Amino acid sequence: MLYEQIKKETEVGMQKTVDSFEKRIATIKAGRATEAILDGITFSYYGTETPINQAATVSIPEARLLVIKPWDKNNIGPIEKAILKSNIGITPGNDGEIIRLPFPALTEDRRKEYTKEVNTYAEDAKIVVRNVRRDSMDEVKKSEKSGDITEDDRYKLEDEIQKVTDKFIKTIEEMTEKKNKELMNV
């Protein structure tokens, strides 16, 4: 029982870290339009902070263009202001009906900056995964001292925790490599 619980808590903690890392790198633009860039940007909609995608249709008609069509035309101004205030590095264009976000082509220097940023995020995620492993290993040692598990079970569980850690570290490295390849693609 305790054996499975510790293993499950370890996997859940590490999976949350990988999910968070994935969301974080999704917001780094690769010169192509992506709806993820609007994540976290809200505007005041009748006094309530509302995400843009809950008050407008967001589409990508071209590789480097994001189009936002608010359901209520009165929201064009507040949405445009929210995008400008969010500091995503793209100036919105507004024609009274829709908002256009043209994504500029990335320079070589900017691409390299983004890959450094992705690598920093990846290292942070790996540190969190290792911290989850350390906490789990400490829990295993406490369980052995209190007599809840045997020494053999401790070694077995520590081995399982290490395998899970290796799996999640590998996942983070693969995601980093994929994102960096996407960023460096011209």
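One numbering rule holds for all chains: residues counted from 1, following each sequence as written. This being a predicted model, a pLDDT of at least 70 is required before a residue's local features are given, and a value of 80 or more before pairs of side-chain atoms are given or counted; all residues contribute to the totals for chains, interfaces and linings. Side-chain metrics rest on all non-hydrogen atoms present in the structure, leaving aside hydrogens and water.

Under an unreviewed UniProt entry, the name given to the chain is Ribosome-recycling factor, and the source organism is Anaerococcus lactolyticus ATCC 51172. UniProt positions are given in the numbering used here, feature names are shortened, and annotations may be inferred rather than shown by experiment. Here is the UniProt Function (unreviewed entry) comment for the chain, exactly as written: "Responsible for the release of ribosomes from messenger RNA at the termination of protein biosynthesis. May increase the efficiency of translation by recycling ribosomes from one round of translation to another." In its Sequence similarities (unreviewed entry) section, the UniProt entry covering the chain states "Belongs to the RRF family."

**Remarks on the pattern of salt bridges**
When a carboxyl oxygen of Asp or Glu is within 4 Å of a side-chain nitrogen of Lys or Arg, the pair counts as a salt bridge. The final tally for this structure, using the stated rule, is 13 salt bridges. The shortest N-O distance in the salt bridge between E160 and K7 comes to 3.2 Å. On the criterion of sequence distance, the pair formed by E160 in helix α4 (residues 151-184) and K7 in helix α1 (residues 2-26) is long-range, its members being 153 residues apart. E160 gets classed as partly exposed once you look at its relative accessible area, which sits at 22%. A salt bridge links D135 to R134; its shortest N-O distance comes to 3.4 Å. Only protein chains enter the accessibility calculation, which uses a 1.4 Å probe. A residue is then buried if its area is under 20% of the maximum for its type, exposed if over 50%, and partly exposed in between. Take D135: its relative accessible area is 44%, and that puts it in the partly exposed class. Residue R134 is classed as partly exposed on the basis of its relative accessible area, which comes to 47%. A run of H or I in DSSP becomes a helix once it reaches four residues, and a run of E becomes a strand once it reaches two; helices and strands are each numbered from the N terminus.

**So, helix α2 (residues 76-86)**
Owing to its 3.6 residues per turn, the α-helix brings residues three or four apart onto one side. Those residues of α2 that sit buried are I76, I79, E80, A82 and I83. Down the axis of α2, the sector holding all buried residues measures 160°, keeping them to one side. Turned more than 90 degrees off the buried face of α2, the exposed positions are K81, L84 and K85. Packed against the buried residues of α2 are β1 (42-45), β3 (56-62), β4 (65-70), β5 (93-94) and β6 (99-102). With its phi angle positive at about 60°, N87 sits one or two positions after the end of α2. The arc under discussion is defined with respect to the helix axis, by the directions toward the C-beta atoms. What makes two residues a contact is simply this: any of their non-hydrogen atoms within 4.5 Å.

**Considerations on the domain arrangement of the chain**
When the parts of a complex come together, some accessible area is lost, and that lost area is often used as the size of the interface. Segmenting the chain into domains produces domain 1 (2-29 + 107-185) and domain 2 (35-102). Segmentation into domains, and thus their bounds, comes from an automatic or database assignment. Here the C-alpha centroids of domain 1 and domain 2 sit 34 Å apart.

**Considerations on the packing of aromatic side chains**
Only rings of Phe, Tyr and Trp enter the pairing, Trp through its six-membered ring, and a pair is recorded when the two centres are within 6.5 Å. The plane angle decides the type: under 30 degrees is stacked, over 60 is edge-to-face, the rest tilted. Taken as a whole and judged by the stated rule, the model has 0 aromatic pairs. For R154, the ring lying beneath its charged end belongs to Y155, and the centroid distance is 4.4 Å. Cation placement over rings: the criterion is NZ of Lys or CZ of Arg within 6 Å of the ring centroid and within 35° of the ring normal.

**Points about the pairing of strand β2 (residues 48-51)**
Here β1 pairs with β2 via 4 bridges, running antiparallel. Bridging from a neighbouring strand, Y45 pairs with T48 of β2. Between the end of β1 and the start of β2, which pair antiparallel, lie 2 residues, with Y46 showing a positive phi angle near 55°. Pairing between two strands is assigned when DSSP locates at least 2 bridges connecting them.

**Structural notes on the environment of Y45**
The residue Y45 is located in strand β1 in this model. The residues contacting Y45, other than those within four sequence positions of it, are T50 and N75.

**Describing the packing of α1 against helix α3 (residues 108-145)**
Remark: α1 packs on α3, axes separated minimally by 10 Å, with the N-to-C direction vectors making an angle of 170°. Between α1 and α3, the interaxial angle falls into the category roughly antiparallel. When grouped by side-chain class, the residues that make up the contact of α1 with α3 number 13 nonpolar, 5 polar and 4 charged. Only the stretch in contact is used when fitting a helix axis, every axis being a line fitted to C-alpha atoms; angles between N-to-C directions are given from 0 to 180 degrees. Each angle gets one of four labels, with under 35 degrees taken as roughly parallel, over 145 as roughly antiparallel, 65 to 115 as roughly perpendicular, and the rest as oblique. Each residue gets one of three labels, nonpolar for Ala, Val, Leu, Ile, Met, Phe, Trp, Tyr, Cys and Pro, charged for Asp, Glu, Lys and Arg, and polar for the others, Gly among them.

**Considering the environment of L65**
On the secondary structure map, L65 appears in strand β4. Sequence separation of L65 and G40 is 25 residues, and the distance between their C-alpha atoms is 19 Å.

**Here we look at the sheet that holds β6**
Whenever strands of a sheet pair, they do so through backbone hydrogen bonds, lying parallel or antiparallel. With antiparallel pairing, the 4 strands of this open sheet are ordered in space as β3-β4-β6-β5. A strand with exactly one partner marks an edge of an open sheet, and here the two such strands are β3 and β5. In this sheet, β6 lies alongside β5 in antiparallel orientation, the contact comprising 2 bridges. In the sheet register, G93 faces β6, and the bridge partner there is R100. Here α2 sits on the sheet in contact with β3, β4, β5 and β6, set at roughly 20° to β6.

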